[in-house]
Amino acid sequence: MTIGVSKAPPLSHLPGAITVAREMGDWARNSGFITEVITDENKNPVTIGRIRETLLGMLPANDQVELFILHFAGHGFRSGAEQNTWLPSDWHKEMRAISVEGLKRQLYRHGIKSLSIFGDACRSLPTDIDTADIFGDPVLPRGPYDAVAPIIDRINAVGDGQQAYMLKGDGVAPPRCVFSTVLIEGLCGLKDEAFDKHNPDCVIPESLALFSRDRLKEIGETYDLKCSPDYATGIPREHAIYFRRGENPADIPIPQWPAPPSPLVHAPDNNGEDLQASPLDIKFRAFKQHFRDSLSLHSYLAPRSLNLAIRGAVPKKIWSTFPVEKILTNADEAAYRVRGITDSAIQILVEFDDGVFASAVVYEDLITLISRDENGEINWTCVSRWSEFTDGLNTSINVIKDLQAGNLSADQVDDITAKLREAKHINPTLGAIASYLYDYTGDIDSIRRMAFFYCIYAQPMPFDVAFMGLLSTKDMGRGAIVADVPPIPARQQSLANGRLPEWVTRATDGGMGQVAGLWPWLRQGWQFMEDPAPQEKAAAKGLRDVAKFLLPSQFSSFREQGARILIDRFHLEARE
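Caption draft 1: Local environment of the overall build of the protein. Each helix and strand counted, the protein has 16 helices and 30 strands in total. Buried residues in the protein amount to 56% of all 576 residues. Taking contacts inside the protein between residues at least 6 apart in sequence as the whole, the part at least 24 apart equals 72%. In the structure as shown, the protein presents an accessible area of about 24400 Å², 49% of it carried by carbon and sulfur atoms.

See the structure below:
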């Protein structure tokens, strides 16, 4: 299926999306695929409903699909950790967009063996609060099969946080989106460089990705653009074949490129250093200071006297099912002791005077640090309560900083996972973030491997790990949820695996573990509450109506209406 959206007001017109959607459809039909091309030609808007209806008509209800290819050309943005959003024609009016990760997860239930996702859209951060508040729609309802992750190949026009490009037509060549045109050259076997060196008659995911990387560099030099794709391909290498010499038609027209522009005159380099910090740098410096100031409470409070510290604003109330004891309050800081049982994790809501409710989880044997900046954005993490183990805070700060800045990508996830354990504890916030990065490539086994280690360390696993790992959950009553973790084989050997700690790649046994929190820790997890799989219903019960009251922050925070739903659903009590 290929989708081309040229008009998504109030954003700029992208006629090149129509060009490449047609060409992608021509390649698919000529190659024997059952395909559909959805564009907004003839004033026919591309809506989520239209995409849903078309997909349901394509996907068989009683048969498996060997290879499904999903291509999009148009506008998009990044809304979380490897959380991609594609914009339909009416996104601005409806306040809903296509959640690529949500749609991918719904496709797990349609018996697809291999899934290729080609995204030709920007992956930069939203530029305004209204765009950041757009909710991602998973498009499809639940499919006929149990959720099973296929082998996934992903090639995006750009990396997380970057912008894609379109070239205007010149009277000879039509307008065209740069990345999709390169894909078409490779998929149609028009360039020898797109063929696999081990299977020289075939274009496979890995060879297409490598060709796209090199070809985009060449195109970038021709048109003075910075083009660098992002890709992740599955194993085994030959699981999908896009083009095979002798079987696919060789008479597909070569895409015409517009004439390159005249040489650009660049401003001379001033050979100096820009010493002025950017607004983003200033924001992260303040965020980092909030966390460090929270940690400085150790200097005048006994480590075991608190397990919750808040900087940036003093809460009006703390909502919890367990007692909360106030230890200290100053102008913009507060420290508390949330009283629970040993080895527990307690869900809290922090209510501020302006009606914002921040969500966090407090562990009995860690300190939860919450930072609220001057714009109201919420961040939080956990550290050991012992000062000699606080070096792990730097790792958390850097990961959260990259999350907020759009610099967190799936190729970093193994390194993040390797740093989860600090002083015999698994850093839970890093685990939650890592679960979404693994999900990006469909690596459910690695999420479940993380879950196993939470089990053997008797530390409750983040809600997000249980949910993104497609773990079966059971509600034990009084807010206690447990997850069943299946045995997982060792990861296949590779050069990258050799530098990782053994626990990141080893085989793991099955286990049962407590789930930490009663809802997703990160905002991007809420889209999965709308239509959970049967094994996830216990964890998602009563959460469907909350998503529309989320605030545009990476970590879950709510308007008052959403918080009240959670308070009533889980019988939280105000602890002033």
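Caption draft 2: Examining the pairing of strand 21 (residues 366–372) more closely. With respect to burial, strand 21 is a largely interior element, seven of its seven residues being buried. Across the two faces of strand 21 the burial is the same, with Leu 366, Thr 368, Ile 370 and Arg 372 and Ile 367, Leu 369 and Ser 371 all buried. By the bridge criterion, four bridges tie strand 15 (residues 308–311) to strand 21 in an arrangement that is parallel. Note that in strand 21 the partner of Leu 308 across the bridge is Thr 368. Relative to strand 22 (residues 378–384), strand 21 runs antiparallel, the two being bridged by seven bridges. Residue Ile 367 lies in a different strand from strand 22, and its bridge partner there is Val 383. Between strand 21 and strand 22, which pair antiparallel and follow one another directly, the connecting turn spans five residues, one of which, Gly 376, has a positive phi of 90 degrees.

Caption draft 3: Seen up close, the confidence of the model for the protein. With 89% of its residues at a pLDDT of 70 or more, the protein has an overall mean of 86. Averaged pLDDT values for the elements of the protein fall to 63 in helix 8 (residues 279–295) and rise to 98 in strand 2 (residues 37–39).

Caption draft 4: Structural detail: the nonpolar core. With 132 residues, the main nonpolar core has Phe 68, Leu 349, Met 461, Trp 519, Trp 526 and Phe 558 as its most contacted residues. Sequence-distant contacts of Trp 519, defined by excluding residues within four places in its chain, comprise Gln 347, Ile 348, Leu 349, Ser 359, Phe 463, Trp 526, Leu 543, Phe 558, Leu 566, Phe 570 and Leu 572. Counting 38 residues, the second-largest nonpolar core is a separate cluster that includes Cys 122, Ile 155, Ala 194 and Ala 240.

Caption draft 5: Seen up close, helix 1 (residues 16–30). Its 15 residues give helix 1 an end-to-end C-alpha distance of 21 Å, which sits within 8% of 21 Å, the value for a rise of 1.5 Å per residue. Summarising burial for helix 1: eleven of the 15 residues are buried, a large majority. Those residues of helix 1 that fall on the buried side of the exposure criterion are Gly 16, Ala 17, Ile 18, Thr 19, Val 20, Ala 21, Glu 23, Met 24, Gly 25, Trp 27 and Ala 28. Contacts made by the buried residues of helix 1 are with strand 1 (2–4), strand 2, strand 3 (65–73), strand 10 (166–167), strand 11 (176–177) and helix 6 (178–187).

Caption draft 6: Broad picture of the sheet that holds strand 21. An order of 17-18-15-21-22 is seen for the five strands of this open sheet, with the pairing classed as mixed. Only two strands of the sheet have a single neighbouring strand rather than two, namely strand 17 (324–329) and strand 22. With direction set aside, neighbouring strand axes in the sheet form an average angle of 20 degrees. Taken together, the five bridges between strand 17 and strand 18 (residues 333–338) define a ladder with antiparallel strand orientation. Each bridged residue has a counterpart across the sheet, and for Lys 326 the counterpart in strand 18 is Tyr 336.

Caption draft 7: Just helix 16 (residues 560–570), in detail. Along helix 16, the residues that are buried comprise Gly 562, Ala 563, Leu 566, Ile 567 and Phe 570. End-on, the buried residues of helix 16 take up no more than an arc of 140 degrees, which puts them together on one face. Residues of helix 16 that are buried make contact with strand 16 (317–320), strand 19 (345–351), strand 20 (357–363) and strand 29 (557–558). Phi turns positive one or two residues past the end of helix 16, at His 571, with a value near 55 degrees.

Caption draft 8: Spotlight on the pattern of salt bridges. All told, the structure shown has 28 salt bridges when counted by the stated rule. Asp 201 is the salt-bridge partner of Arg 245, the closest N and O atoms lying 3.6 Å from each other. You can see Arg 245 sitting in the loop between strand 14 (243–244) and helix 8 and its partner Asp 201 sitting in the loop between helix 6 and strand 12 (202–203), a full 44 residues away along the chain. Owing to a relative accessible area of 36%, Arg 245 belongs among the partly exposed residues under this scheme. Across the salt bridge formed by Glu 325 and Arg 339, the nearest N and O atoms sit 2.7 Å from each other. Pair noted here: Glu 325 is in strand 17 and Arg 339 is in the loop between strand 18 and strand 19, with a separation of 14 residues, a long-range link. Glu 325 sits in the partly exposed class, given a relative accessible area of 36%.

Caption draft 9: Expanded view of the pairing of strand 6 (residues 96–99). Inspection of the sheet shows strand 5 (residues 83–86) paired to strand 6 by two bridges, in the antiparallel sense. Bridge pairing links Trp 86 to Ile 98 in strand 6. Here strand 6 runs beside strand 8 (residues 135–137); their pairing, made up of three bridges, is parallel. Paired with Ala 97 across the bridge in strand 8 is Gly 136.

Cut-offs applied
Residue indices follow the written sequence of each chain, beginning from 1 at its first position. Where local features are concerned, this predicted model is filtered to residues with pLDDT of at least 70; where side-chain atom pairs are given and counted, the filter is 80 or more; whole-chain, interface and lining totals use all residues. Excluding hydrogens and water, the side-chain figures rest on all heavy atoms present in the structure. Only runs of H or I of at least four residues qualify as helices and only runs of E of at least two qualify as strands under DSSP, and these elements are numbered from the N terminus. Here's how the labels work: a residue is buried when its accessible area is under 20% of the maximum for its type, exposed when over 50%, partly exposed in between, all with a 1.4 Å probe on protein chains only. Contacts: residue pairs with any heavy atoms within 4.5 Å of one another. Working definition of accessibility: Shrake-Rupley area with a 1.4 Å probe, residue cover restricted to the visible protein chains. When DSSP locates at least two bridges between a pair of strands, those strands are taken to pair. The predictor attaches a confidence to each residue, and that confidence, scored 0 to 100, is pLDDT. The nonpolar core is taken to be a set of buried Ala, Val, Leu, Ile, Met, Phe, Trp, Tyr and Cys residues, with the residues joined through side-chain atoms within 4.5 Å. What a helix should span is 1.5 Å times the count of its residues minus one. Here the axes come from fitting lines to C-alpha atoms, over the contacting stretch only for helices, and the angles between their N-to-C directions go from 0 to 180 degrees. The directions considered for the arc are those from the helix axis to the C-beta atoms. For this analysis, a salt bridge means a side-chain nitrogen from Lys or Arg found within 4 Å of a carboxyl oxygen belonging to Asp or Glu.

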